[in-house]
Amino acid sequence: MNKVVAGADEAIRDINDGAVLMLGGFGLCGIPENCIASLVKKGVKNLTCISNNAGVDDFGIGLMLQNKQVKKMISSYVGENAEFERQLLSGELEVELIPQGTLATRCMAAGYGMPAIYTPAGAGTEVAIGKETRNFNGKDYLLEYAFDADFAIVKAWKGDTDGNLVFKETARNFNPLMAMAGKITIAEVEELVPAGELDPNLIHTPGIYVHRIFQGVNYEKRIEQRTIRKKL
Amino acid sequence: MALTKEQIAQRIAKELKDGFYVNLGIGIPTLVANYIPKGINVVLQSENGLLGMGPFPFEGEEDPDLINAGKQTITTVPGSAFFDSAMSFGMIRAGKVDLTVLGAMEVSEQGDIANWKIPGKMVKGMGGAMDLVASAKNIIVAMMHTNPKGESKLLPGCMLPLTGVNCVKKVVSDLAVLDITPQGFKLLERAPGISVEEIRSKTAGRLLVEGEIPEMKFEV
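Residues numbered from 1 in each chain as written. Chains lettered and ligands numbered in written order. Predicted model: local features only at pLDDT ≥ 70, side-chain atom pairs only at ≥ 80, totals over all residues. Heavy atoms only, no water.

A. Inspection of the overall build of chain A at higher detail. Of the regular secondary structure elements, chain A holds six helices and 11 strands. What you see for chain A is a C-alpha radius of gyration of 18 Å, in line with the 17 Å of a compact globule of 232 residues. In terms of principal-axis extent, the alpha carbons of chain A reach across some 55 × 50 × 40 Å. The buried share of chain A, reckoned over its 232 residues, is 55%. Sequence-distant contacts, at least 24 apart, represent 72% of the contacts inside chain A between residues at least 6 apart. Split by element, the accessible area of chain A, about 9,700 Å² in all, is 50% carbon and sulfur. Each charge class in chain A can be summarised by its mean position, and for the 25 positive and 29 negative side chains these summaries are 3 Å apart. (Helix = DSSP H or I, 4+ residues; strand = E, 2+ residues; numbered from the N terminus. Rg over C-alpha atoms; globule rule 2.2 N^0.38 Å. Buried < 20%, exposed > 50% of the residue type's maximum accessible area, 1.4 Å probe, protein only. Contact = heavy atoms within 4.5 Å. Areas by Shrake-Rupley, 256 points an atom, 1.4 Å probe, with all protein chains shown as cover. Lys, Arg positive; Asp, Glu negative; His and termini not counted. Charge placed at Lys NZ, Arg CZ, Asp CG, Glu CD.)

Below is the structure:
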């Protein structure tokens, strides 16, 4: 079941104006750098992007914002991005802020074939407005629906030609959840190997969820907050 | 003297118990990791997918794939584990994390907390805070007692949009340690040299004072 495509341009070939995308990553950690670059080059517009963050001004999803390609962002935290804030305050950009665990679980629900989940996050706050609330064992929970995304674009550490994926450290974050949740899932990996080379015991995302895979190039892996301690 | 941010963190660290799994928020809560008492073993959870967070790396050893929820480069300790964001909030929701420490803009006498939005001014988002406060068994808030204008941040009811309802158990401010009780903020300890009267004047919510209130002590 060979899922390999030549590169990012081919992987995103049928992402068109108005598409709903999931993009993996937490901050700039574990983001699909190659596919973002190709989406910027292609110039598709009116995108809805589901991603925990919106990048920084000059990297990650921030590049798509600069290029005015995003109609709506669905995220949990969008600091560290001046252009984002400008577009939000001027009304150019629609933004839905949702709790981070809710974001993760709405991806998970989609990948597990469940239409919705109940979570206590946001009960009693403005996040609950317009949502069905149900009390279980004395505690309020909100009904939150599974996401419905046209494409999930994820970044993994290693992958094989069958689409099996392995993630590295905290670059895992939302990637395996989104990989399960897209109608079409595109995976870019740092190292692509023939099927059979990865240990089946250690696969994070089985290839059944992945439709296209390629080995990415020129990863920058920018660090947002470089923090160090002194050697004594 | 009001406590420094480091002293607030140092005081909160005394609440840690051996074997705790702990989630530390961004800002003052992060500093708590520097004051874990000797003989107490705790495991730090980072909600972007790590149990067993270690200190910042030495220069030259930073790993872009290894960060905490504040996007800072970090390390792991022996016995650590990585997982995805759904499992991370799953363990939070299921009450596996023993203690959550986070900052706040306002706390109410019922234990409501506001820390994610200032309408018209700040629109950064709630991140994981709403999930944490909705599910954590034990929430300690680290905060300044008043805002820069000198107005109390410990209120009868929060003015800002809420992050969570009736969830905070304890507040450690630069002036005092207080428990949230059905009768309001119960004063437990004073910062060195800070009088009960000063704390009373800077607490807008109901303040319960019973008997002598001891001063906090810090080993130098």
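B. Looking closely at the environment of Ile118(B). Residue and element names in this part refer to chain B. In this structure, Ile118 sits in the loop between strand S7 (113-114) and helix H4 (129-135). Residues Ile118 and Gly27 lie 91 residues apart in sequence; the distance between their C-alpha atoms is 18 Å. Apart from the residues lying within four places of it in its own chain, the contact partners of Ile118 are Met105 and Leu160.

C. The interface of chain B and chain A, seen in detail. Taken together, the contact pairs 47 residues of chain B with 50 residues of chain A. Here chain B meets chain A over a buried area of about 4,100 Å², counting both sides, of which 59% is carbon and sulfur. Joining chain B to chain A, the criterion identifies four salt bridges. Linking Glu126(A) and Lys117(B) is a salt bridge whose minimum nitrogen-to-oxygen distance equals 2.7 Å. There are 24 residue pairs in polar contact (both at pLDDT 80 or more) connecting chain B and chain A. Contributing elements (two or more residues each) for the side of chain B that touches chain A: helix H3 (85-93) and H4 of chain B. Taken together, the residues that form the side of chain B that touches chain A break down as 21 nonpolar, 13 polar and 13 charged. (Buried area = accessible area lost by both parts, 1.4 Å probe. Salt bridge = Lys/Arg side-chain N within 4 Å of Asp/Glu carboxyl O. Polar contact = N/O pair within 3.5 Å; in protein donor to acceptor, adjacent residues only side chain to side chain. Nonpolar A, V, L, I, M, F, W, Y, C, P; charged D, E, K, R; others polar.)

D. Structural detail: the sheet that holds strand S8 (residues 139-143) of chain B. Residue and element names in this part refer to chain B. On the basis of which strands lie adjacent, the open sheet formed by 10 strands has the order S4-S3-S2-S1-S5-S8-S10-S11-S12-S13 and mixed pairing. Two strands lie at the open edges of the sheet, namely strand S4 (75-82) and strand S13 (207-208), each paired on one side alone. Pairing of strand S3 (residues 50-54) with S4, which is carried by four bridges, proceeds in the antiparallel orientation. Following the sheet pairing, Leu50 is matched in S4 by Phe82. (Pairing = 2+ DSSP bridges.)

E. Highlighting empty space enclosed by the protein. On inspection of all chains with the given rule, the structure shows six cavities of 30 Å³ or more. Of the pockets and cavities examined, the largest cavity occupies roughly 70 Å³. (1 Å grid on protein atoms, 1.4 Å probe; cavity = no way out; pocket = protein on both sides within 12 Å on 5 of 7 lines; lining within 4 Å. Points joined across faces, edges and corners; volume = space filled by probe spheres on them.)

F. Quick look at the pattern of salt bridges. Tallying each qualifying case throughout the model produces 25 salt bridges over all chains. A salt bridge links Glu215(B) to Arg190(B), with the shortest nitrogen-to-oxygen separation between them at 3.8 Å. Note that Glu215(B) is positioned in the segment after S13 and Arg190(B) in strand S12 (residues 184-190), a separation of 25 residues in sequence. Judged by relative accessible area, which is 33%, Glu215(B) ranks as partly exposed. By sharing partners, the salt bridges in this structure join Lys155(A), Lys168(A), Glu190(A), Lys221(A) and Asp65(B) into a single network.

G. Representation of the layout of surface pockets in the model. Residue and element names in this part refer to chain B. Here the largest pocket defines a volume of roughly 1,000 Å³. In this structure, the largest pocket is lined by 41 residues; those nearest its centre are Gly25, Ile26, Gly27, Gly103 and Asn115. Elements that contribute at least two residues to the lining of the largest pocket include exactly helix H2 (28-31), strand S5 (99-103), H4 and S8. Examining the composition of the lining of the largest pocket, we find that three residues originate from one element, H2, more than from any other. Residue composition of the lining of the largest pocket, grouped by class: 18 nonpolar, 16 polar and seven charged. Taken together, the elements giving at least two residues each to the lining of the second largest pocket come down to H2, strand S2 (43-46) and S3. It is S2 that provides the largest number of residues to the lining of the second largest pocket, a total of four residues. For the lining of the second largest pocket, the residue count by class is 15 nonpolar, 11 polar and two charged.

Keep in mind these numbers describe shape, not what the thing actually does.
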